[in-house]
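# Overview (structure and organization)
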Amino acid sequence: MGTPQFAVASLDALITAGCDVVAVITAPDKPAGRGQKVNESAVKQYAVANHLKVLQPEKLKNPDFLKELEALKADLQVVVAFRMLPEVVWNMPPKGTINLHASLLPQYRGAAPINWAIINGEKESGVTTFFLTHDIDTGHILFTEKVTLKGTETAGDLHDWLMNKGAGLLVKTVKGIESGRYSQHPQDHFTEGVELKHAPKLFKEDCLVDFNQPAEQVYNRIRGLSPSPTAYTTIDGKVLKIYNATFEVTEPGVSAGAFVTDNKTHLKFTTPDGYVSVTDVQLEGKKRMGIEEFLRGNKF
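Within each chain, residue numbers correspond to sequence positions counted from 1 in written order. Confidence filtering applies because this is a predicted model: local features only for residues at pLDDT of at least 70, side-chain atom pairs given and counted only at 80 or more, and all residues used for totals across whole chains, interfaces and linings. Hydrogens and waters are ignored; side-chain quantities use all the structure's heavy atoms.

### Things to note about the overall build of the protein
Put simply, the test is: Where helices and strands are cited, they refer to DSSP runs of H or I of at least four residues and of E of at least two residues respectively, numbered from the N terminus. Relative accessible area decides the class of each residue, using a 1.4 Å probe on protein chains only: under 20% of the type maximum gives buried, over 50% gives exposed, and in between gives partly exposed. The accessible surface values rely on the Shrake-Rupley method and a 1.4 Å probe; as for residues, cover is taken only from the protein chains in view.
Looking only at helices and strands, the protein has 9 helices and 14 strands in total. Dimensions of the protein, computed from the C-alpha atoms along their principal axes, are close to 65 × 50 × 30 Å. Looking at the protein as a whole, 46% of its 300 residues are labelled buried. Total accessible area computed for the protein in this model is approximately 15,600 Å², and 50% of it derives from carbon and sulfur atoms.

What follows is the structure, given as structure tokens:
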């Protein structure tokens, strides 16, 4: 069960490892873009190309869907970047339903763990497999794998690393369940005396850059929202998306939120403790470009 590209790597790894995938469940097709062309999920495209049975229920409690799901007689269900399942679905297989989550649980439960780990400047991240239960992202942990962060990665970079790490971890988990060689660890064991950080869905207001924050925090937010949903500010009344930047801590010459530029090589926004220099941007109505190309066509 999965929808975006992140889930394709896991599905491919399971197939490559010889797992018997009896069906793929993914989001219904939907029109997208200016021409409202019907858009199939990345998981569906992979499944069709590999001749796998595909189910696309609008509602997961639909009796016809439940009947079809039961008829598959799956031993185990695997969820990667899908949606919240009702108990009648996750409790159906005899060996349960497992989920791959892109964080080191119990930290960063929620819809956007990759983004929030970068926004918060974490020094490590990782992937976790766990059994689904009633409350989202709270089931017993099976396996984890960590990655070390340098502090310069974007959410896109971490997404790709965890997509591939997670695929391997998922195969290890499925093989472990198949052979009976696994153990379960309640998440409560990891929460005592620890401040839990959450990963709620991101909205447009989360993407507006606040240059009243310290330079490093602004830099981390830009990285954590790149390439999507993308940090932004306004310049001369137009929206400027920011995909990447650098920062320096120094005594700023002007108040926070102002910008300085030589109109050739740099565009720096001031913060209370320094500057954030944007390096990869997109002005509304224009294409994405590096800062030097941007400044050749826009003078301030």
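### As for unusual backbone geometry
It is generally the case that most residues other than glycine have a negative phi and that most peptide bonds are trans. The omega torsion of the bond from Leu105 to Pro106 falls at 10 degrees, within 30 degrees of zero and hence cis. Along the chain, Pro106 turns up in the loop between strand 6 (97-101) and helix 5 (113-119). Ser228 connects to Pro229 through a cis peptide bond whose omega is 5 degrees. Here Pro229 is to be found in the loop between helix 8 (215-224) and strand 9 (231-235). Backbone geometry places His51, a non-glycine residue, at a positive phi of 60 degrees. Relative to the helices and strands, His51 resides in the loop between helix 2 (42-49) and strand 4 (54-55).

### Considerations on the environment of Ala102
How we decide: Note on contacts: a residue pair is in contact if any heavy atoms of the two residues lie within 4.5 Å.
Structurally, Ala102 can be placed in the loop between strand 6 and helix 5. Separated by 60 residues in the primary sequence, Ala102 and Leu162 have C-alpha atoms spaced 6.5 Å apart. Beyond its immediate stretch of four places on either side in the chain, Ala102 contacts Phe6, Pro113, Ile114, Ser125, Gly126, Val127 and Leu162.

### So, the sheet that holds strand 5 (residues 77-80)
The condition is simple: Pairing between two strands requires that DSSP report at least two bridges joining them. Axes here mean lines fitted to C-alpha atoms, for a helix over just the part in contact, with angles spanning 0 to 180 degrees between N-to-C directions.
Spatially, the 4 strands line up as an open sheet ordered 5-6-7-8, and their pairing is mixed. Each having just a single partner strand, strand 5 and strand 8 (141-148) make up the two edges of the open sheet. Neighbour to neighbour, the strand axes of the sheet diverge by 15 degrees on average, direction disregarded. As paired elements, strand 6 and strand 7 (residues 124-131) share 4 bridges and run antiparallel to each other. What sits directly across from Ile98, in strand 7, is Phe131. Against the sheet, helix 1 (residues 5-16) engages strand 5 and strand 6, with an angle of about 150 degrees to strand 5.

### Some words on the UniProt feature "domain: Formyl transferase C-terminal" (unreviewed entry) in the protein
Heads up, the condition is: UniProt positions are given in the numbering used here, feature names are shortened, and annotations may be inferred rather than shown by experiment.
The positions that UniProt labels "domain: Formyl transferase C-terminal" (unreviewed entry) are, in the present scheme, residues 201-298. Each end of residues 201-298 is marked by a C-alpha atom, and these two atoms are 34 Å apart; helix forms 21% of the span and strand 38%.

### A look at the packing of helix 1 against helix 6 (residues 155-179)
Heads up, the condition is: Put simply, a crossing is left-handed when the front helix is turned counterclockwise from the back one by less than a right angle, and right-handed when it is turned clockwise. Three categories are distinguished: nonpolar for Ala, Val, Leu, Ile, Met, Phe, Trp, Tyr, Cys and Pro, charged for Asp, Glu, Lys and Arg, and polar for the others, with Gly belonging to the last.
It is at 8 Å that the axes of helix 1 and helix 6 come closest, and there the two elements cross at 35 degrees. Seen from above, helix 1 lies across helix 6 with right-handed handedness. On helix 6, the residues that touch Gln5, Phe6, Ala9, Ser10, Ala13 and Leu14 of helix 1 are His159, Leu162, Met163, Asn164, Gly166, Ala167, Leu170, Val171 and Val174. Looking at the contact of helix 1 with helix 6 residue by residue, the class counts come to 10 nonpolar, 5 polar and no charged.

### Remarks on the pattern of salt bridges
What counts is decided by this rule: Put simply, a salt bridge is a Lys or Arg side-chain nitrogen that is within 4 Å of an Asp or Glu carboxyl oxygen.
Within the structure shown, the criterion is met by 10 salt bridges. Where Lys165 meets Glu145, a salt bridge forms, and the shortest distance between an N and an O atom there is 3.2 Å. Pair noted here: Lys165 is in helix 6 and Glu145 is in strand 8, with a separation of 20 residues, a long-range link. Using a relative accessible area of 30% as the deciding quantity, one classes Glu145 as partly exposed. Linking Lys268 and Glu248 is a salt bridge whose minimum nitrogen-to-oxygen distance equals 2.9 Å.

### Regarding the packing of helix 1 against helix 2
Our working definition: Note on angle classes: values under 35 degrees are labelled roughly parallel, values over 145 roughly antiparallel, values of 65 to 115 roughly perpendicular, and the remainder oblique.
In contact at an axis separation of 8 Å, helix 1 and helix 2 are set at 30 degrees when each is read in the N-to-C sense. One element, helix 1, and the other, helix 2, form an angle in the roughly parallel class. Along its contact with helix 1, which presents Gln5, Ala7, Val8, Leu11, Asp12 and Ile15, the element helix 2 presents Ala42, Val43 and Tyr46. Considering only residue class, the contact of helix 1 with helix 2 consists of 7 nonpolar, 1 polar and 1 charged.

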